[in-house]
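Coordinate inspection notes
Each chain, letter by letter, is given below.
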Amino acid sequence: MTGLSPLDRPNSYIGRSVPRPNLARLLQGRGLYVSDLVLPRMAHVVFIRSPYAHARILRIDRDAAFAMPGVVAVVTGAELAAVCSPWVGVLSHLKGLKSAPQHAIAVDVACWQGEAVAAVVADSRATAEDAAEHVVVDYEELEPVTDMRTALDAATPVIHASLGDNLAFERRIDAGAVDAAFAAADAVAEAEFIFGRHTGVTLEPRAVVADWRPGEERLTVYQGSQAPHMVQNILALHLGLAEQQVRVVCKDVGGSFGVKVHIYPDEMATAALSKMLRRPVKYVADRLESFVTDIHARDHRVKGRIAVRNDGVILGFEIDDLTGIGPYSMYPRTSAIEANQVVNLVGGPYAVANYRARTRVVFQNKTSMCQYRGVGHPIACSVTEGLVDLAAAAIGMDPVEIRRLNLIRDDAYPCVSPSGMRFESLSHHAALDKLLAMMDYDALRAEQASLRSSGIHRGIGFASFVEVTNPSAAFYGVGGARISSQDGVALRLDAAGTIVCQTSVTEQGQGAEAVTAQVVATAVGTRLEDVRVMSGDTDVTPYGGGTWASRAAGIGGEAAWQAGKQLRLNILEVAASILQCQPTALDIRDGRIVDAEGLMERLTLAELARITYFRPDTLPPGFQAELMAVRHYVPRNYPFAFTNGIQASHLEVELDTGMIRLLGHWVVEDCGTILNPQLVDEQVRGGVVQGLGAALFEHCRYDERGQMLNASMADYLVPMAAEMPDIAVGHIVSPTADSELGAKGAGEAGTAGAAAAVANAVNDALMPFGVRVTEIPLTPEVVLRALGRI
């Protein structure tokens with residue numbers, strides 16, 4: 001039994017759609033979120049935020065606020081700086097990346113609309129908000145830098161004089177013979193792609209309760225975080241504590257999508273205030289604050305070119321990317337990763353050796369940008385697939401056929417992309433074939449042609465993609481960030497014969513608890529309901545990276561598998577000592593010790609645990625039972641486990657209004673071994689919906705003074721259920737050989753290609769009019785402007 005693959009194990013839960021263990025509790029409204037938490041003597045903090053995008057803080061008058069009943073403290077940035085040291089968001093492997101030191105509360109200058117300039121702490125949230133109204137801040141407004149296109153101009157103010165200019169990071173790639181490829185091309189197509197800045201809009205806003213206990217000299221922080229151990233390390237570092245003095249607890253989380261994997265100044269300030277005031281302090285962002293303090297993403301302008309022969313062979317890609325990230329690089333993951341991913345991934349699915357790319361990352365006086373679901377993938381995919389469709393149109397080739405001709409062959413792996421990305425085993429052609437069958441492509445094309453004659457304009461768009469999952473230390477560790485690339489699982493058979501599983505992976509609503517329980521139950525041989533999963537507590541769980549970059553199943557799941565295998569061996573050794581036989585003569589099925597051959601029950605796990613814990617005197621002399629196992633896992637053979645897939649969109653464009661009606665969406669993706677089909681499909685669908693939001697609705701709009709114009713749910717559009725099409729999901733399975741489970745990630749596949757597929761479908765619908773749109777979100781205004789109707 002030991003050598004059997006996970007899928008071949010008897011009574012395997014792997015590959016089955018089992019319910020989430022936390023489902024009943026959450027559906028009954030019994031989840032425990034940070035905003036639910038109340039501690040003795042707990043105070044509440046409200047932050048006074050700059051109304052200007054760029055301003056010098058001249059004076060803060062807090063006397064009236066401090067005199068109000070119930071107010072505990074009114075704290076400035078300079079005062080808090082004595083408790084919490086500033087940070088700089090750089091990684092050493094991103095050569096040349098720079099950023100200015102950032103404080104938890106601005107000390108002299110506010111650098112974006114919404115940056116905290118003071119904190120009011122009171123015995124209730126209402127009292128703190130009332131008192132904040134009585135704090136008077138005098139500002140000297142400074143010239144803001146808001147347009148990324150002019151951020152590097154000599155006439156543009158430098159936001160941080162110590163840095164010399166507004167360039168945060170630049171990277172270039174020049175692979176193959178790009179100039180020769182374009183010279184040899186029969187056609188060259190080019191376009192500028194514009195991507196609207198948007199944000200995560202999690203159901204639960206960011207929240208933190210910090211509890212400094214002077215008697216223990218220990219800080220406990222309750223926070224909805226994706227990476228508790230990372231938060232633990234950073235709090236200790238900047239509050240002058242030893243790491244063992246900090247405990248981070250992450251209970252239920254109402255969505256994260258990358259928004260909650262970063263270090264935010266107001267959350268650091270809350271912890272520092274707790275230490276300063278020697279009592280618990282709570283902060284919960286309201287929705288208006290979230291829009292101007294949660295990270296934004298995807299604000300890029302990319303000029304791209306593609307070289308193609310008349311027979312459809314793509315000869316080369318060239319791109320020039322420009323992005324504005326706000327006034328600071330986010331800490332500790334930095335704001336250069338998204339741009340770095342763009343240049344790494346453009347052209348990724350295609351067998352094209354000639355590639356030139358440049359990205360420039362500039363500072364500006366807007367909310368900081370950083371990693372959000374699909375980091376860089378939607379931009380790289382939209383540029384690549386938009387250029388491929390342009391090339392197909394230039395030579396009169398069907399968009400499916402140009403992809404079939406140029407996608408990397410499924411038997412060509414392993415291989416390396418021009419940007420240096422190592423691909424282990426992908427399945428672009430199998431995915432394309434399956435997608436075409438699912439959507440009945442020929443029938444849709446025939447229907448499209450028929451409807452055009454009646455004045456109905458429908459479009460079909462495709463987007464092939466690759467996705468980074470299961471990142472190794474190559475992502476952050478090599479750059480000096482103390483962000484673990486491994487995950488760990490500790491298993492214990494308790495005295496009742498059930499299993500307690502402690503994992504460093506955090507549950508963010510994606511189903512990590514269910515998948516972990518499935519893997520453990522299968523590896524050990526017990527019932528699923530007899531596995532209890534615990535996560536999100538740095539005092540309890542093994543050290544690990546947490547949940548980000550589609551790594552929970554691939555890395556955390558493999559750690560659970562290895563720990564489960566070891567615990568199973570330990571249990572069988574104990575059973576063999578009790579039954580006076582060899583461990584190989586026994587097996588574990590559904591929580592029972594059975595004969596390996598005849599499967600006759602010999603002992604229950606409950607009875608084995610009773611003997612081990614309460615009657616060890618009956619075990620053979622010299623034998624020590626070990627009913628616990630701990631294992632860690634980190635990928636080693638490949639820096640990332642790349643997945644792949646393809647999406648298609650079918651839609652209709654109303655020419656009079658510019659409205660786009662989504663009719664259908666299809667996804668075929670390859671995430672290796674599928675641990676829970678339902679969870680994978682819903683992760684893909686959820687990702688698609690977020691991608692469709694970026695394609696059609698979501699946009700953080702700013703004016704020339706750096707004021708966000710739609711920072712409320714009344715003005716910021718998000719996708720609604722009634723606007724979404726049916727989303728059909730199919731799979732190809734190419735397991736990674738880097739682990740025994742063979743699982744890759746699936747959390748960002750839907751987001752990666754959705755916007756690109758929609759944009760290509762819109763342009764397909766508009767093809768009879770000779771116009772092309774390369775800007776998202778594709779609002780009615782954008783469509784009508786392209787048609788020349790406004």
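Now for a description of the structure that goes with this document.

**Let's talk about helix H10 (residues 377–395)**
For H10, built from 19 residues, the straight-helix expectation of 27 Å at 1.5 Å per residue is met to within 8% by its first-to-last C-alpha distance of 27 Å. Burial runs high along H10: 17 of the 19 residues are buried. Just beyond H10, the residue with positive phi is Gly396, at close to 70°.

**Some remarks on the sheet that holds strand E23 (residues 531–535)**
Sheet strands line up and pair through hydrogen bonds in the backbone, either parallel or antiparallel. Pairing within the open sheet is mixed, and its 4 strands lie in the order E23-E22-E21-E27. A strand with exactly one partner marks an edge of an open sheet, and here the two such strands are E23 and strand E27 (628–633). Neighbour-to-neighbour, the strand axes of this sheet turn through a mean angle of 20°, independent of strand direction. Here strand E21 (residues 487–493) runs beside E27; their pairing, made up of 6 bridges, is antiparallel. What sits directly across from Leu491, in E27, is Ala629. Packed on one face of the sheet, helix H14 (residues 512–524) meets E21, strand E22 (499–503) and E23 and runs near 135° to E23. Contacts from helix H15 (residues 552–579) reach E21, E22 and E27, with the element oriented near 150° to E27.

**Some remarks on the nonpolar core**
Of all hydrophobic cores here, the largest spans 162 residues; its most connected members are Phe462 and Leu778. Sorting elements by how many residues they give to this core places H10 first, with 9 residues. Within the second largest apolar cluster, 48 residues are counted, among which are Leu493, Ile499, Val519 and Val520.

**Quick notes on the sheet that holds strand E12 (residues 246–249)**
With mixed pairing, 7 strands are arranged side by side in an open sheet as E3-E5-E1-E13-E10-E11-E12. One side of each edge strand has no neighbouring strand; the edge strands of this open sheet are strand E3 (71–76) and E12. Averaged over neighbouring strand pairs, the angle between their axes works out to 20° when direction is ignored. On the sheet, helix H6 (residues 228–239) packs against strand E11 (218–223) and E12 and is oriented at approximately 145° with respect to E12. On top of the sheet, helix H7 (residues 265–277) reaches strand E1 (43–49), E3, strand E5 (116–122), strand E10 (207–213), E11 and strand E13 (281–284); it is set at about 25° to E10, its chief contact.

**Points about the side chain of His429**
For His429, the position within the fold is in helix H12 (residues 428–439). In contact with His429, other than residues within four places in its own chain, are Arg404, Leu407, Ile408, Arg409 and Asp410.

**What to know about the packing of aromatic side chains**
Per the counting criterion, the structure on display carries 12 aromatic pairs. Taking the centre distance of 5.1 Å and the plane angle of 80° together, the rings of Phe47 and Tyr283 count as edge-to-face. Linking Phe47 in strand E1 with Tyr283 in strand E13, this pair joins segments that are 236 residues apart in sequence. On the basis of relative accessibility, which here comes to 5%, the residue Phe47 falls in the buried class. Take Tyr283: its relative accessible area is 1%, and that puts it in the buried class. Here Trp87 and Tyr331 contribute two aromatic rings whose centre-to-centre distance is 6.0 Å and whose plane-to-plane angle is 20°, an arrangement assigned as stacked. Taken together, the positions of Trp87 in the loop between helix H3 (77–81) and strand E4 (109–110) and Tyr331 in the loop between strand E16 (314–324) and helix H9 (337–345) put the pair 244 residues apart, joining distant regions of the chain. Comparing Trp87 with Tyr331 shows no difference in burial state: the two are buried. Chaining the aromatic ring pairs together yields one cluster made of Phe423, Phe475, Tyr476, Trp548, Phe640 and Phe642. Just above the ring of Tyr264 sits the side chain of Arg206; from NZ or CZ to the centre is 3.9 Å.

**A look at the pairing of E22**
Of all 5 residues in E22, 5 are buried; the element is thus mostly enclosed. Two strands pair when backbone bridges link them, and E21 and E22 are joined in this way by 5 bridges, in the antiparallel orientation. From the neighbouring strand, Arg492 faces E22, where its bridge partner is Val500. Count of turn residues in the E21/E22 antiparallel hairpin: 5 residues, of which Gly497 carries a positive phi of about 85°. Two strands pair when backbone bridges link them, and E22 and E23 are joined in this way by 5 bridges, in the parallel orientation. Bridging from a neighbouring strand, Cys501 pairs with Val533 of E23. Once you follow E22 into H14 and on to E23, the crossover reads as right-handed.

**Notes on the pairing of strand E24 (residues 586–589)**
Side-chain alternation along E24 places Leu586 and Ile588 on one buried face and Asp587 and Arg589 on a second face that is also buried. Here E24 hands over to strand E25 (residues 592–595) after 2 residues, with Asp590 in that stretch at a positive phi of 50°.

The rules behind each value
- Position labels on residues start from 1 in each chain and follow its written sequence.
- Local features in this predicted model are restricted to residues whose pLDDT is 70 or higher, and side-chain atom pairs enter the listing and the counts only when it is 80 or higher, whereas totals over whole chains, interfaces and linings include all residues.
- Each side-chain value is derived from all of the structure's non-hydrogen atoms; neither hydrogens nor water enter the calculation.
- Here a strand is any run of E in DSSP of at least two residues, a helix any run of H or I of at least four, and the numbering for each starts at the N terminus.
- By definition here, a helix of n residues has an expected span of 1.5 Å times n minus one.
- The rule is simple: take the accessible area with a 1.4 Å probe, protein chains only, and divide by the maximum for that residue type; under 20% is buried, over 50% is exposed, in between is partly exposed.
- Only strands joined by at least two bridges in the DSSP assignment are considered to pair.
- Between N-to-C directions, angles cover 0 to 180 degrees, with each direction set by a line fitted to C-alpha atoms, over the stretch in contact for helices.
- The contact criterion used throughout is that any non-hydrogen atoms of two residues lie within 4.5 Å.
- Residues belong to a common nonpolar core when they are buried Ala, Val, Leu, Ile, Met, Phe, Trp, Tyr or Cys residues joined through side-chain atoms within 4.5 Å.
- Stacked, edge-to-face and tilted labels apply to pairs of Phe, Tyr and Trp rings (six-membered ring for Trp) whose centres lie within 6.5 Å, assigned for plane angles under 30 degrees, over 60, and everything in between, in that order.
- Ring-over charges, as used throughout, are those where CZ of Arg or NZ of Lys falls within 6 Å of the ring centre and within 35 degrees of the ring normal.
- The path from the first strand over the helix to the second decides the hand: if it runs clockwise while the strands point away from the viewer, the crossover is right-handed.

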